[in-house]
Amino acid sequence: MMNIITKQLTTSGSPITIETGKLAKQSHGSVTVKQGNTVLLATVVSDYTAGENVDFLPLTVDYREKFASSGRFPGGFLKREARPSDSEILISRLIDRAIRPLFPDDYHANTMLMVTLLSSDDDVMQDTLACLAASCAIMVSDIPFNGPVSEVRVGRIDDKLIINPSREELEKCDIDLIVAATFDNIMMVEGEMNEISEKEMSDAIIFGHEAIKAQCQVQLELEKDANKTTKREYCHEDSDEEIYEAMHNFCFDRIKAITKEPSAKEERSEKFLALLDEFKETLTDEQLTKEFLIGTYYGKVKKEAVRRVVLDDKVRLDGRAYDQVRDIWSEVSYLPTPHGSALFTRGETQSLTTVTLGTKQDVQNLDGATYQGTKRFILHYNFPSFSTGEARPNRGTSRREIGHGNLAERSIVKAMGEDFPYTIRVVSEILESNGSSSMATVCAGSMALMDAGVPMKGGVSGIAMGLISDEDGKYAILSDILGDEDHLGDMDFKVAGTSKGITACQMDIKIDGLTQELLIEALTQAKEGREHILNEMNKTISVSNEDIKPHAPRLVSIEVDKEFIGAIIGPEILPGKEGLLHISEIDHKRIESMDGIFKEGEMVEVKLLAIDPKS
């Protein structure tokens, strides 16, 4: 017998209905979330035991859209859904980044969270419901979880903030911001905007948080009605207090001493490894068999020691002040053949970025379950293993690479001029990485576009901010964070923009209690860092080149005499057809030279407006 439980709430637009107990009952938790004609099914399953030597949460979040949801066939020969699209991966990441921090730190069981779009509605943006569905599924399970959490989209039309705008409304918005939060705390922020101020950004985040609270309340009621307020018991961590106490006594102060001596990434890593080896020499043979536990404890002791040095001694790992940006150098036209290139280096992070110009034949065709169209500006981000000194094979594009590329693309596109007829592909090759390679991509991409002669409103710079805090209220906001500071810190906050304002941001919070005052302070410090980086970039290139490179394809707009029309458009105009043929599309053709009008092989833009077929 089914025990169907239904809840309803209204955030904006039509009511949202949450239902559990009807579908996928063998999963540990399942719900359907409906708004209008949109229907999402969310399921979660988690093992009862953790794998051997696992000291993290092996969580997989998989968001998929069925083509049947919009009454369409998948493209291609197979006619079935295959690998996830970029859009599906980006929505999966939005869910993951909001959900993952809310599992207990010591919960290490393999967990699979799936969200599937079963029915779609043109007026409902399904990504605004995906995190709500995922959180509800966990809440009605027995899986330990410090939720609930949910996400909303914040838009702004004519200076008025709105929650979950429709697709049509989103086209008019100058802010497109996804906010994830619990009752009390903001967990994740990501979006793009048209050069807004730090205060406007903060107001939009807080506005979104207020709307989320009602969704969290409904989830608590759903959990209670499903009788899932008591969660499963688990024990996923081995322990040996004797080893931990010995390690803390032996290593803690010595780690602090290493931290206080500014050093490069490789040198610092060698010192930390040498200290660990020295500690192992003090252990018995029996204790040495617990090698995995020793490594886990060392990571905890090191994290605690480094954080104390930053907070108490105000010393960062490389000796910088809290608001200091690493040394920057850059170069444009580094590569001779690409249509534009830039090399941007900040500390131990380096991006070599290229620009390729093409015609409308080079646009990316988008064929998803809920959206079809084309894309004329494309940015790809590549993160090879050698950039961090790792011997690891590259197995295709990772979710992280897709996410970082998307953030950089959204950062730059808002600063591009509108009247540029080319298709543009930007590719960032990360050659070194020690902190915020996505923001290095923003800087290098902006400079490479200027080098290629692409019209820009101004340069775009980006910076990654960090936060380290303790239970006593002491905190440090760090500009231009290192990779270790990202790993050891409580916040990763990336902000990109021009001299006029913010164009994109991405924030992930790992702790409770981020206040609006602290958020504004972090944004203000980020602005100072962005302006410094932009000034350094401007020393290399500050405005777009007046023309594209000589070897780039050149689009020429001409009027065509009647006698040459046939040579260009061929037999498409048939004799005897009545009236005038109006061609409004721009027709790009590579044509041979004709009486000296065109150079052989030149790319020509031809506009044919009113042609009498009888002639």
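The shown structure was predicted, so the numbers you read here are calculated from the model rather than taken from an experiment.

1. Structural notes on the overall build of the chain
Of the regular secondary structure elements, the chain holds 13 helices and 24 strands. Taking all 615 residues of the chain together, the buried fraction comes to 53%. For the chain, the proportion of contacts with a sequence separation of at least 24, taken over those separated by at least 6, is 71%. Accessible area for the chain stands at about 28,900 Å²; split by element, carbon and sulfur atoms hold 48% of it.

2. A closer look at helix 5 (residues 241-260)
Spanning 20 residues, helix 5 covers 28 Å between terminal C-alpha atoms, matching the ideal 28 Å at 1.5 Å per step. Approximately 35 degrees is the largest bend angle found in helix 5, and it occurs at Cys251. Within helix 5 the residues assigned to the buried category are Ile243, Met247, Cys251, Phe252, Ile255, Lys256, Ile258 and Thr259. Buried residues belonging to helix 5 abut helix 6 (265-280), helix 7 (285-288) and helix 8 (291-313).

3. Here we look at the packing of helix 1 (residues 86-99) against helix 2 (residues 127-139)
Following both chains from N to C, one finds helix 1 and helix 2 inclined at 45 degrees, their axes separated by 9 Å at the closest point. One way to sum up the angle between helix 1 and helix 2 is to call them oblique. Two packed elements cross with a definite hand, and for helix 1 against helix 2 that hand is right-handed. Along its contact with helix 1, which presents Ile91, Ile95, Ala98 and Ile99, the element helix 2 presents Asp127, Ala130, Cys131, Ala134, Ser135 and Ile138.

4. A short note on the sheet that holds strand 13 (residues 349-358)
Strand pairing in a sheet is mediated by backbone hydrogen bonds. Such pairs are either parallel or antiparallel. Taking strand neighbours across the sheet as the criterion, the 5 strands line up as 11-12-13-17-16 in an open arrangement whose pairing is mixed. Two strands in the sheet have a free side with no partner beyond their single neighbour: strand 11 (328-332) and strand 16 (377-382). Averaged over all pairs of adjacent strands, the angle between their axes in this sheet comes to 15 degrees, without regard to strand direction. In terms of strand pairing, strand 12 (residues 340-346) meets strand 13 through 7 bridges, oriented antiparallel. Looking at strand 13, one finds that Leu343 is bridged to Leu352.

5. Overview of the pattern of salt bridges
Under the counting rule described, the total for this entry stands at 44 salt bridges. Between Arg308 and Asp470 there is a salt bridge, with its nearest N and O atoms 3.4 Å apart. Residue Arg308 is located in helix 8, and its partner Asp470 is located in the loop between strand 18 (461-469) and strand 19 (475-479); the two are separated by 162 residues in the primary sequence. Here Lys474 ties to Asp312 by a salt bridge, and the two come within 3.2 Å at their closest N and O atoms. With Lys474 in the loop between strand 18 and strand 19 and Asp312 in helix 8, this residue pair connects regions lying 162 residues apart in the sequence.

6. With respect to the pairing of strand 3 (residues 29-35)
Burial within strand 3 is extensive, with 6 of its 7 residues counted as buried. Alignment of strand 2 (residues 16-20) against strand 3, held across 4 bridges, turns out to be antiparallel. The residue bridging Ile18 from the neighbouring strand is Val33, located in strand 3. The sheet contact formed by strand 3 and strand 4 (residues 38-50) spans 7 bridges and is antiparallel.

7. Here's the deal with the nonpolar core
Leu177, Ile424, Leu449 and Phe493 are the most contacted members of the largest nonpolar core, which totals 73 residues. The element that contributes the greatest number of residues to this core is helix 10 (residues 437-451), accounting for 9 residues. A domain split of this core shows at least three residues from each of domain 1 (5-226) and domain 3 (328-540). Other than its neighbours up to four places away in sequence, Ile424 contacts Val355, Thr356, Leu357, Arg376, Phe377, Ile378, Met416, Leu449 and Val454. In terms of nonpolar packing, the next biggest core, distinct from the first, is built from 46 residues, Val31, Val115, Cys136 and Met187 among them.

8. Remarks on the sheet that holds strand 8 (residues 160-163)
The 8 strands lie next to each other as 8-7-9-10-21-20-18-19, forming an open sheet whose pairing is antiparallel. The open sheet has two free edges, formed respectively by strand 8 and strand 19, since each of these has just one partner strand. Averaged over all pairs of adjacent strands, the angle between their axes in this sheet comes to 15 degrees, without regard to strand direction. Pairing of strand 7 (residues 150-157) with strand 8 involves 4 bridges; the strand directions are antiparallel. Bridged to Ile157 within strand 8 is Lys160. Strand contacts of helix 8: strand 18 and strand 19, with the helix running at about 95 degrees to strand 18, the strand carrying the most contacts. Contacts from helix 10 reach strand 18 and strand 20 (491-497), with the element oriented near 160 degrees to strand 18.

9. Overview of the state of the cysteines
Per the counting criterion, the structure on display carries 0 disulfides. No disulfide involves Cys136; its sulfur sits 9.3 Å from that of Cys216, the nearest cysteine.

10. Observations regarding the environment of Val154
Relative to the assigned elements, Val154 resides in strand 7. Since its relative accessible area comes to 0%, Val154 is described here as buried. Considering only alpha carbons, one finds Val154 and Leu177, 23 residues apart in sequence, at a separation of 5.1 Å. Aside from chain neighbours lying at most four places away, what touches Val154 is Leu161, Ile162, Ile163, Ile175, Asp176, Leu177, Val179, Ala204, Phe207 and Gly208.

11. Re a negative patch on the surface
Together, Asp122, Asp123, Glu168, Glu169 and Glu171 make up a negatively charged patch on the protein surface. Mapped onto the elements of the fold, Glu171 is located in the loop between helix 3 (167-170) and strand 9 (175-181).

12. Some thoughts on the confidence of the model for the chain
Scored by pLDDT, the chain comes out at a mean of 89, with 90% of its residues at no less than 70. Confidence over residues 572-604 falls short of pLDDT 50; this stretch has 68 contacts with residues more than four positions distant or in other chains. pLDDT under 50 marks residues 606-615. Its contacts with residues more than four places away, or in other chains, come to 29 contacts.

13. Some words on the pairing of strand 17 (residues 423-432)
As judged from the 9 bridges shared by strand 13 and strand 17, these two strands associate in the antiparallel manner. Note that in strand 17 the partner of Gly358 across the bridge is Thr423. Two elements, strand 16 and strand 17, share 6 bridges in a ladder whose sense is parallel. Counterpart to Tyr381 in the pairing with strand 17 is Ser428. Where the polypeptide runs from strand 16 across helix 9 (residues 399-413) and back to strand 17, its parallel neighbour, the crossover connection is left-handed.

14. Details of unusual backbone geometry
Of note, the amide linkage connecting Gly147 to Pro148 takes the cis form, showing an omega dihedral of 5 degrees. Among the secondary structure elements, Pro148 is positioned in the loop between helix 2 and strand 7. You will see that Glu195, though not glycine, has its phi angle at about 50 degrees, which is positive. Despite not being glycine, Lys314 has its phi angle at roughly 55 degrees, a positive value. Since its relative accessible area comes to 57%, Lys314 is described here as exposed.

Calculation rules
- Residues numbered from 1 in each chain as written.
- Predicted model: local features only at pLDDT ≥ 70, side-chain atom pairs only at ≥ 80, totals over all residues.
- Heavy atoms only, no water.
- Helix = DSSP H or I, 4+ residues; strand = E, 2+ residues; numbered from the N terminus.
- Buried < 20%, exposed > 50% of the residue type's maximum accessible area, 1.4 Å probe, protein only.
- Contact = heavy atoms within 4.5 Å.
- Areas by Shrake-Rupley, 256 points an atom, 1.4 Å probe, with all protein chains shown as cover.
- Expected span 1.5 Å × (residues − 1).
- Bend = angle between axes of the 7 residues up to and from the residue.
- Axes fitted to C-alpha atoms, helices over the stretch in contact; angles between N-to-C directions.
- Parallel < 35°, antiparallel > 145°, perpendicular 65-115°, else oblique.
- Left-handed = near helix turned anticlockwise from the far one by under 90°.
- Pairing = 2+ DSSP bridges.
- Salt bridge = Lys/Arg side-chain N within 4 Å of Asp/Glu carboxyl O.
- Core = buried A, V, L, I, M, F, W, Y, C linked by side-chain atoms within 4.5 Å.
- Domains from an automatic or database assignment.
- Disulfide = S-S within 2.5 Å.
- Patch = residues over 30% accessible without salt bridge, like charges linked within 9 Å, V, L, I, M, F, W, Y side chains within 5 Å.
- Lys, Arg positive; Asp, Glu negative; His and termini not counted.
- Charge placed at Lys NZ, Arg CZ, Asp CG, Glu CD.
- pLDDT = per-residue confidence, 0-100.
- Right-handed = clockwise from strand over helix to strand, strands pointing away.

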